[in-house]
Amino acid sequence: MLNRQKFSSFILLLLVFAIIVGMIGCKSAETMSNSDEMMADAQQDTIIALPVPAAAYGSTPIDQEKGYLVEELGEGLYYVTEGMYHMMFLTTGKGVIVVDAPPTIGDKVLSAIAEVTDETITHVIYSHSHGDHIAAASMYPADAVYIAHEETAIRLSSQEGGSRLAPFGAFLGGSPVPEPTVTFTDSYTLEVGTQKLELSYRGVNHIPGNIYIYAPKQKVLMFIDVIFPGWVPFKYLAITENVPGYIAAHDEVLTFDFETLISGHLTRLGTRADVETQKEYMNDLVGNAAHALQTVDFMAVAGRTGWANPWLLFDTYLNEVADMCTDSTVAKWSDKLGGVDIFTPGHCWKMAEMLRVD
Ligand SMILES: [Zn+2]
């Protein structure tokens, strides 16, 4: 908080300095008006946040001409990223297995595959049903084998019949994806040519149907939208539909014998240490949200808001709980993870709600 305030003051000082210099140099009313406009533009464009720790970023730069990075993680297993999303594929000697199809990477996935093999895509796995991870899957061969958890198949079937409120993948582009041709309940082993993947479902975490995809030979685990290496999770605990399941998944991830984690997002791959770090951040959120719920005085808040507008009362109370939790969490984590100041308020709000009602 303090750093942010200091940084804000510094920027304000710079702006004031710029205005003074502009005023001194100004020889006409027209110039003066231009300087005012520039100041207004600067104020509008400047969005300030705490610095991001260097450890949040990966060491391999992404070729901006190509727009993606493809990197082998061992024995024919590759991951692809455009800097925000991750997917993976494996060459098997008998066709390519792909996992996910983020529309932000789009057909660059096909370019990445063509860079390393002539094999055609024979198997497609969906990590879960969210469009931002699979809505480009219609680019894959229609006659490939499509594999997903049964819950993912149920959710995807709702894209048929016009029951969706907006087109599938409406925000990031994309279109309805091929329906899974193979589904499973608890686990499924896929063996193709030289490769083996162990798929498993261990209860609701990010959303129902979000699976663990484990490559034992390479000791690579792909598990999407739960762990965010180097960063705090995406807003509101990565929009999880089940907070206790989301928290429990941190321990579940660590039961796999993996060395590299493909987590679906942001600037680098993950390690076991990243999972341990995020687990500690989550434990702090639980503790700090619980403490705030026990500390902020609901009746004192009611004394200030009155009872006539219950939404004003609850909103004020819950925001004060979230603020107290946020202050203690940010104080510890601001120099350890990226985006702590951005998303901790939302995490605290959601965690407090879970503790209050779940
Ligand atoms: Zn998701």
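Residues numbered from 1 in each chain as written. Predicted model: local features only at pLDDT ≥ 70, side-chain atom pairs only at ≥ 80, totals over all residues.

## Looking at the overall build of the protein chain
Counting its secondary structure elements, the protein chain contains 11 helices and 12 strands. Taking all 358 residues of the protein chain together, the buried fraction comes to 37%. Taking contacts inside the protein chain between residues at least 6 apart in sequence as the whole, the part at least 24 apart equals 66%. (Helix = DSSP H or I, 4+ residues; strand = E, 2+ residues; numbered from the N terminus. Buried ≥ 20, exposed ≤ 12 C-beta atoms within 10 Å, placed from the backbone. Contact = placed C-beta atoms within 7 Å.)

## What to know about the sheet that holds strand β12 (residues 260–262)
Pairing in this open sheet of five strands is mixed, and the strands run β8-β9-β10-β11-β12 from one edge to the other. Each of the sheet's edge strands pairs with one partner strand only, and the pair in question is β8 (187–192) and β12. When the angles between neighbouring strand axes are averaged without regard to direction, this sheet yields 20°. Relative to strand β9 (residues 195–200), β8 is paired through six bridges, and the arrangement is antiparallel. Counterpart to Glu-191 in the pairing with β9 is Lys-196. (Pairing = 2+ DSSP bridges. Axes fitted to C-alpha atoms, helices over the stretch in contact; angles between N-to-C directions.)

## Brief notes about the sheet that holds strand β3 (residues 86–91)
Spatial ordering of the open sheet is given by β1-β2-β3-β4-β5-β6-β7, a layout of seven strands whose pairing is mixed. At either end of the open sheet lies a strand with only one pairing partner, and these are β1 (69–74) and β7 (182–184). The mean inter-strand angle of the sheet, taken between neighbouring strand axes irrespective of direction, is 20°. As defined by bridge partners, strand β2 (residues 77–81) adjoins β3 across five bridges and the pair is classed as antiparallel. Within the sheet, the bridge partner assigned to Tyr-78 lies in β3 and is Phe-89. Strands in contact with helix α5 (residues 150–157) are β6 (145–149) and β7; relative to β6, the strand with the most contacts, it is inclined by about 105°.

## Thoughts on unusual backbone geometry
The phi angle of most residues is negative, glycine excepted, and most peptide bonds adopt the trans form. Phi is positive for Asp-225, close to 65°, though the residue is something other than glycine. Structurally, Asp-225 can be placed in the loop between β11 (220–222) and α6 (235–239). At Ile-239, a residue that is not glycine, the phi angle is positive and equals roughly 45°. The residue Ile-239 is located in helix α6 in this model.

## Considerations on the environment of Ala-144
Assignment of secondary structure puts Ala-144 in the loop between α4 (131–134) and β6. Sequence spacing of Ala-144 and Val-124 is 20 residues, and the spatial spacing of their C-alpha atoms is 6.8 Å.

## Things to note about the confidence of the model for the protein chain
Mean pLDDT over the protein chain: 89, with 86% of residues reaching 70 or higher. Low pLDDT, under 50, characterises residues 1–32; the stretch is placed with 19 contacts to residues that sit more than four places away or in other chains. (pLDDT = per-residue confidence, 0-100.)

## Some thoughts on the packing of helix α8 (residues 272–295) against helix α11 (residues 340–357)
For the pair α8 and α11, the least separation of the axes is 9 Å and the interaxial angle reads 70°. Looking at the two axes, α8 sits roughly perpendicular to α11. α11 is crossed by α8, and the crossing has right-handed handedness. Where α8 approaches α11, its residues Leu-285, Val-286, Asn-288, Ala-289, Ala-290, Ala-292 and Leu-293 are matched on the opposing element by His-347, Cys-348, Met-351, Ala-352, Leu-355 and Arg-356. Of the residues that constitute the contact of α8 with α11, the class distribution is 10 nonpolar, two polar and one charged. (Parallel < 35°, antiparallel > 145°, perpendicular 65-115°, else oblique. Left-handed = near helix turned anticlockwise from the far one by under 90°. Nonpolar A, V, L, I, M, F, W, Y, C, P; charged D, E, K, R; others polar.)

## Focus on the packing of helix α7 (residues 243–253) against α8
In helix packing, the relevant descriptors are the interaxial angle and the interaxial distance, both defined with respect to the helix axes. At their nearest, the axes of α7 and α8 sit 10 Å apart, and the two run at 150° to each other. Relative to α8, the element α7 lies roughly antiparallel. Judged by the twist between their axes, the crossing of α7 over α8 is left-handed. Every residue of α8 that contacts α7 at Ile-247, His-250 and Val-253 is listed here: Val-275, Gln-278, Lys-279 and Met-282. Along the lines of polarity and charge, the residues of the contact of α7 with α8 split into four nonpolar, two polar and one charged.

## Some words on helix α3 (residues 108–116)
Residues of α3 that are buried: Val-109, Ala-112 and Ile-113. Angularly, the buried residues of α3 cover 95° about the axis, an arc narrow enough to put them on a single face. Projecting away from the buried face of α3 at angles above 90 degrees are the exposed residues Ala-114 and Glu-115. Buried-residue contacts for α3 involve β1, β2, β3 and β4 (96–99). (Arc of directions from axis to C-beta.)

## Brief notes about α11
Along an α-helix, a turn takes 3.6 residues, which lines up residues three or four apart on a common side. When the terminal C-alpha atoms of α11 are compared, their 25 Å separation across 18 residues agrees well with the 26 Å that a helix rising 1.5 Å per residue should span. Listed as buried for α11 are Val-340, Phe-343, Thr-344, His-347, Cys-348, Trp-349, Lys-350, Met-351 and Ala-352. Where the residues of α11 are buried, they touch α6, α7, α8 and α10 (310–333). (Expected span 1.5 Å × (residues − 1).)

## Notes on the environment of Lys-108
Within the secondary structure layout, Lys-108 lies in helix α3. Lys-108 sits in the partly exposed class, given 19 other C-beta atoms within 10 Å. Along the primary structure Lys-108 and Val-70 are separated by 38 residues, whereas in three dimensions their C-alpha atoms are 9.9 Å apart. Not counting the four nearest positions on each side in its chain, Lys-108 is found in contact with Gly-67, Tyr-68 and Glu-82.

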